[in-house]
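Letter by letter, the chains look like this.
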Amino acid sequence: MIVHRPHLINYYAILADLYRGTGNHEKSLASFSEAINICEEFGDTLRMAYVSEAIARTYSELGQYENGAAYYFKTIALNEKIASPVLTIVSYLGLGDLYRLWKDPKKSIEFYQ
């Protein structure tokens, strides 16, 4: 069976979600990384933004807030290129939640507003 390389983005993103769901965050992040690499190879900014947001959530779940924030900001920067209002809102809400968990309520409020 021949799979076109760009379709592997979805494969790796789904696999990463499955790993995350089973608590295997290491494999989840590795699969997300593969998806990002393919996005970069093909210039797929839209899917790169969605995968970056998922990576941000994963780091947030792990309590690695600095890494999570970096990926949320990366997602927001990518959104400026693709103009996805839904993903922009999701990213700001994710940052608000991340800073709430990181015990920085002032910063959290900024992103929720």
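The present account deals with the structure reproduced in this document. (Residues numbered from 1 in each chain as written. Predicted model: local features only at pLDDT ≥ 70, side-chain atom pairs only at ≥ 80, totals over all residues. Heavy atoms only, no water.)

Attention shifts here to the overall build of the protein chain. The helix and strand tally for the protein chain stands at six helices and zero strands. Scaling as 2.2 N^0.38, a compact globule of 113 residues should have a C-alpha radius of gyration of about 13 Å, and the protein chain matches this with 14 Å. Its C-alpha atoms give the protein chain principal-axis dimensions of roughly 50 × 30 × 15 Å. Sequence separation of 24 or more characterises 48% of the internal contacts of the protein chain that already satisfy a separation of 6 or more. Just so you have it, the protein chain exposes about 6700 Å², and 57% of that area is on carbon and sulfur atoms. Mean positive and mean negative side-chain charge positions of the protein chain (11 and 13 charges, respectively) differ by 3 Å. (Helix = DSSP H or I, 4+ residues; strand = E, 2+ residues; numbered from the N terminus. Rg over C-alpha atoms; globule rule 2.2 N^0.38 Å. Contact = heavy atoms within 4.5 Å. Areas by Shrake-Rupley, 256 points an atom, 1.4 Å probe, with all protein chains shown as cover. Lys, Arg positive; Asp, Glu negative; His and termini not counted. Charge placed at Lys NZ, Arg CZ, Asp CG, Glu CD.)

What follows covers the packing of helix H2 (residues 25–42) against helix H3 (residues 45–61). To characterise two packed helices, one gives the angle between the axes of the helices and the distance between these axes. At a closest axis distance of 9 Å, the pairing of H2 and H3 adopts a crossing angle of 160°. It follows from the interaxial angle that H2 and H3 lie roughly antiparallel. As H2 runs across H3, the sense of the crossing is left-handed. Mapping the contact onto sequence places His25, Ser28, Leu29, Phe32, Ala35, Ile36, Cys39 and Glu40 in H2 and Arg47, Met48, Val51, Ser52, Ala54, Ile55, Thr58, Tyr59 and Glu61 in H3. Taken together, the residues of the contact of H2 with H3 break down into ten nonpolar, four polar and three charged. (Axes fitted to C-alpha atoms, helices over the stretch in contact; angles between N-to-C directions. Parallel < 35°, antiparallel > 145°, perpendicular 65-115°, else oblique. Left-handed = near helix turned anticlockwise from the far one by under 90°. Nonpolar A, V, L, I, M, F, W, Y, C, P; charged D, E, K, R; others polar.)

A grouping of Ile89, Leu93 and Tyr112 is seen on the molecular surface, where their side chains present a nonpolar patch of about 290 Å² in accessible area. Mapped onto the elements of the fold, isoleucine 89 is located in helix H5 (residues 85–101). Isoleucine 89 sits in the exposed class, given a relative accessible area of 52%. (Patch = residues over 30% accessible without salt bridge, like charges linked within 9 Å, V, L, I, M, F, W, Y side chains within 5 Å. Salt bridge = Lys/Arg side-chain N within 4 Å of Asp/Glu carboxyl O. Buried < 20%, exposed > 50% of the residue type's maximum accessible area, 1.4 Å probe, protein only.)

Our focus in this paragraph is the packing of aromatic side chains. In this structure the tally under the stated criterion is seven aromatic pairs. On the numbers, 5.0 Å between centres and 70° between planes, the contact of tyrosine 11 with tyrosine 12 is edge-to-face. Taken together, Tyr65, Phe73, Tyr92, Tyr99, Trp102 and Phe111 form an aromatic cluster joined through their ring pairs. The ring of tyrosine 99 carries the charged tip of lysine 107 above its face, separated from the ring centre by 6.0 Å. (Phe/Tyr/Trp six-rings, centres within 6.5 Å; stacked < 30°, edge-to-face > 60°. Lys NZ or Arg CZ within 6 Å of the ring centre and 35° of its normal.)

For the rest of this paragraph, the subject is helix H1 (residues 8–21). Taking 1.5 Å as the rise per residue, H1 with 14 residues should run 20 Å; its terminal C-alpha atoms sit 20 Å apart, in good agreement. Those residues of H1 that fall on the buried side of the exposure criterion are Ile9, Ala13, Ala16 and Arg20. Looking straight down H1, one finds its buried side chains confined to an arc of 60°; they lie on one side. Turned more than 90 degrees from where H1 packs its buried face, Ile14, Leu18 and Gly21 sit exposed. Against the buried residues of H1 lie H2 and H3. (Expected span 1.5 Å × (residues − 1). Arc of directions from axis to C-beta.)

The next subject is the nonpolar core. Judged by nonpolar contacts, the single largest core of 17 residues is most densely connected at Ile9, Phe32, Ile36, Met48, Val51 and Ile55. Where this core is concerned, the elements lending two or more residues are H1, H2 and H3. Counting residues in each nonpolar core, the second largest holds nine residues, with Tyr65, Ile76, Leu98 and Phe111 among its members. (Core = buried A, V, L, I, M, F, W, Y, C linked by side-chain atoms within 4.5 Å.)

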